[in-house]
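# Architecture and fold: a report
The lines below spell out each chain.
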Amino acid sequence: MWPNGTSLGPCFRPTNITLEERRLIASPWFAASFCAVGLASNLLALSVLAGARQGSSQARSSFLTFLCGLVLTDFMGLLATGAIVVSQHAILFDWRAVDPGCRLCQFMGVIMVFFGLCPLLLGAAMASERYLGITRPFSRPAGASQRRAWATVGLVWASALALGLLPLLGVGRYTVQYPGSWCFLTLGAQPGDVAFGLLFTFLGGFSVGLSFLLNTISVATLCHVYHGREAARQRPRDCEVEMMAQLTGIMVVASICWMPLLVFIAQTVLRSPPAMSPSGQLSRATEQQLLIYLRVATWNQILDPWVYILFRRAVIRRLHPRLSARPRSLS
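The shown structure was predicted, so the numbers you read here are calculated from the model rather than taken from an experiment. (Residues numbered from 1 in each chain as written. Predicted model: local features only at pLDDT ≥ 70, side-chain atom pairs only at ≥ 80, totals over all residues. Heavy atoms only, no water.)

### Notes on the pattern of salt bridges
- What the rule picks out here adds up to four salt bridges.
- A salt bridge links Glu 287 to Arg 13; its shortest N-O distance comes to 3.8 Å. Residue Glu 287 is located in helix α10 (residues 284–298), and its partner Arg 13 is located in the segment before α1 (19–25); the two are separated by 274 residues in the primary sequence.
- Residue Arg 13 is classed as buried on the basis of its relative accessible area, which comes to 3%.
- Notably, a salt bridge pairs Arg 173 with Asp 193, separated by 2.3 Å at the nearest N-O pair. Here the residue Arg 173 occupies a position in the loop between α6 (145–164) and β1 (174–177), and Asp 193 occupies one in helix α7 (residues 191–227), the gap between them amounting to 20 residues.
- For Asp 193, a relative accessible area of 3% translates into the label buried. (Salt bridge = Lys/Arg side-chain N within 4 Å of Asp/Glu carboxyl O. Helix = DSSP H or I, 4+ residues; strand = E, 2+ residues; numbered from the N terminus. Buried < 20%, exposed > 50% of the residue type's maximum accessible area, 1.4 Å probe, protein only.)

### Comments concerning helix α2 (residues 28–52)
- Here α2 spans 36 Å end to end across 25 residues, near enough to the 36 Å set by a 1.5 Å rise per residue.
- All buried positions along α2 are accounted for by Ala 31, Phe 34, Cys 35, Gly 38, Leu 39, Ser 41, Asn 42, Ala 45, Leu 46, Val 48 and Leu 49. (Expected span 1.5 Å × (residues − 1).)

### Digging into empty space enclosed by the protein
- A full pass over the atoms with the stated rule returns one cavity of 30 Å³ or more.
- The wall of the largest cavity is formed by Pro 119, Leu 120, Gly 123, Ser 207, Val 208, Ser 211, Asn 215, Leu 247, Ile 250, Met 251, Ala 254 and Ser 255.
- Looking at the lining of the largest cavity, the elements with two or more residues in it are α5 (103–135), α7 and α9 (238–269).
- The element contributing the most residues to the lining of the largest cavity is α9, with five residues.
- Its residues assigned to classes, the lining of the largest cavity shows seven nonpolar, five polar and no charged. (1 Å grid on protein atoms, 1.4 Å probe; cavity = no way out; pocket = protein on both sides within 12 Å on 5 of 7 lines; lining within 4 Å. Points joined across faces, edges and corners; volume = space filled by probe spheres on them. Nonpolar A, V, L, I, M, F, W, Y, C, P; charged D, E, K, R; others polar.)

### Notes on the nonpolar core
- In this structure, Leu 67, Trp 95 and Phe 200 are the most contacted members of the largest nonpolar core, which totals 76 residues.
- In terms of residue count, α5 provides more of this core than any other element does, 17 residues in total.
- If sequence neighbours within four positions are ignored, Phe 200 has contacts with Val 113, Leu 117, Leu 163, Phe 184, Leu 185, Trp 258, Leu 262 and Ile 265. (Core = buried A, V, L, I, M, F, W, Y, C linked by side-chain atoms within 4.5 Å. Contact = heavy atoms within 4.5 Å.)

### Some remarks on the packing of α2 against helix α11 (residues 300–310)
- Remark: α2 packs on α11, axes separated minimally by 8 Å, with the N-to-C direction vectors making an angle of 30°. Taken together, the axes of α2 and α11 are roughly parallel relative to one another. For α2 against α11, the interelement crossing comes out left-handed. Counting all contacts with α2, which are made through Phe 34, Val 37, Gly 38, Ser 41, Asn 42, Leu 44, Ala 45, Val 48, Leu 49 and Ala 52, the residues of α11 involved are Gln 301, Ile 302, Pro 305, Trp 306, Tyr 308 and Ile 309.
- Taken together, the residues of the contact of α2 with α11 sort by class into 12 nonpolar, four polar and no charged. (Axes fitted to C-alpha atoms, helices over the stretch in contact; angles between N-to-C directions. Parallel < 35°, antiparallel > 145°, perpendicular 65-115°, else oblique. Left-handed = near helix turned anticlockwise from the far one by under 90°.)

### Topic: the side chain of Ser 207
- Within the secondary structure, Ser 207 sits in helix α7.
- What Ser 207 contacts, discounting residues up to four positions off in sequence, is Leu 120, Leu 121 and Ala 124.

### With respect to a nonpolar patch on the surface
- There is a patch of nonpolar side chains on the surface, built from Leu 44, Trp 306, Leu 310 and Phe 311 and spanning about 330 Å² of accessible area.
- Locating Leu 310 in the fold gives a position in helix α11. (Patch = residues over 30% accessible without salt bridge, like charges linked within 9 Å, V, L, I, M, F, W, Y side chains within 5 Å. Areas by Shrake-Rupley, 256 points an atom, 1.4 Å probe, with all protein chains shown as cover.)

### Some words on unusual backbone geometry
- Following Tyr 178, the chain continues into Pro 179 via a peptide bond in cis, with omega recorded as 5°.
- In this fold, Pro 179 is placed in the loop between β1 and β2 (182–185).
- Positioned with a positive phi, Cys 102 is a non-glycine residue whose angle comes to about 70°.
- Examined against the element boundaries, Cys 102 turns out to sit in the loop between α4 (95–98) and α5.

### Overview of the side chain of Asn 300
- Residue placement: Asn 300 occurs in helix α11.
- Excluding its chain neighbours within four sequence positions, the residues that come into contact with Asn 300 are Asp 74, Pro 119, Val 253, Ala 254, Cys 257 and Trp 258.

### Comments concerning the layout of surface pockets
- By volume, the largest pocket is sized at about 550 Å³.
- Forming the walls of the largest pocket are 33 residues, and the residues nearest its centre are Phe 34, Val 85, Leu 294, Arg 295 and Thr 298.
- Contributions of two or more residues to the lining of the largest pocket are made by α2, α3 (58–91), α5, β2, α10 and α11.
- Per-element accounting of the lining of the largest pocket gives the leading share, seven residues, to α3.
- Classifying every residue of the lining of the largest pocket gives 22 nonpolar, 10 polar and one charged.

### Notes on the packing of aromatic side chains
- Counting across every chain of the model gives nine aromatic pairs.
- Measuring from ring centre to ring centre gives 5.9 Å for Phe 184 and Phe 200, while their planes differ by 85°; the resulting arrangement is edge-to-face. With a gap of 16 residues between them, Phe 184 in strand β2 and Phe 200 in helix α7 connect regions that are remote in the sequence. Pair check on accessibility: Phe 184 and Phe 200 agree, each one buried.
- Through successive ring pairs, a cluster of aromatic residues spans Trp 182, Phe 184, Phe 200 and Trp 258. (Phe/Tyr/Trp six-rings, centres within 6.5 Å; stacked < 30°, edge-to-face > 60°.)

What follows is the structure, given as structure tokens:
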């Protein structure tokens, strides 16, 4: 517990930022525009997905189910977090006065962790599904692929939610972060804060690493099939190449957006001497770095739908007409 007053909850750390500084940092127009672009992008992707699901094969239907879960997660994440952040930036409310019991802060901390981990875990699940579909195409019953995909998406959501609820059970803490417009896990030196921070970074980093490993094997397998004439004649590979291109793009976007934040959290909670003082203060440089890395991570929710929208065969063939003229058996 920090010395923040007897009537205030445990989410308030000592801060020394003025209202004028908050006005310079927190732009309601930028936040609102960012959320609007993200929501519109995900809605566009959902409409394209709805059309693509009609008449698709079993393997593609399963992959599109994962994509639908990913886009829905990104949309709901932008909607939930954006509503709080845009409101805070628009009226610059004092979090201590509006939420003295820290319930809003804890809610935002849960959804920040939940919607942050879900895209990474879903990316690993999609990579696993494609790995099995390419390297062991006959090892699974085709009829249950879509049900299994939705079950996996539900399991990912449940796992991310369980992790996000840990601070409410005493493992780690959610606190108001600089410049006082959002809540996230605490970069403190207490055992609970360190354990929660490392668990969050481990799951996120492990998901990215697993995606990279499985996608590399899947791409190598597709390249081997592509160059083998007899194997290439067995069935068309257009669909699988398209899915792997989309999945690789999703992996690259997630890595670029999230790895800086994950590495920064791990380095900060393991720093010696601790980055956070016993009174709960962080240096201004550390707080600014956390804000910058968080903003970079949120771009993942905007770029994910565009990876799917732009990496479709119809778009690629318009950009490269030669691809549509290739023999079907070798495409």
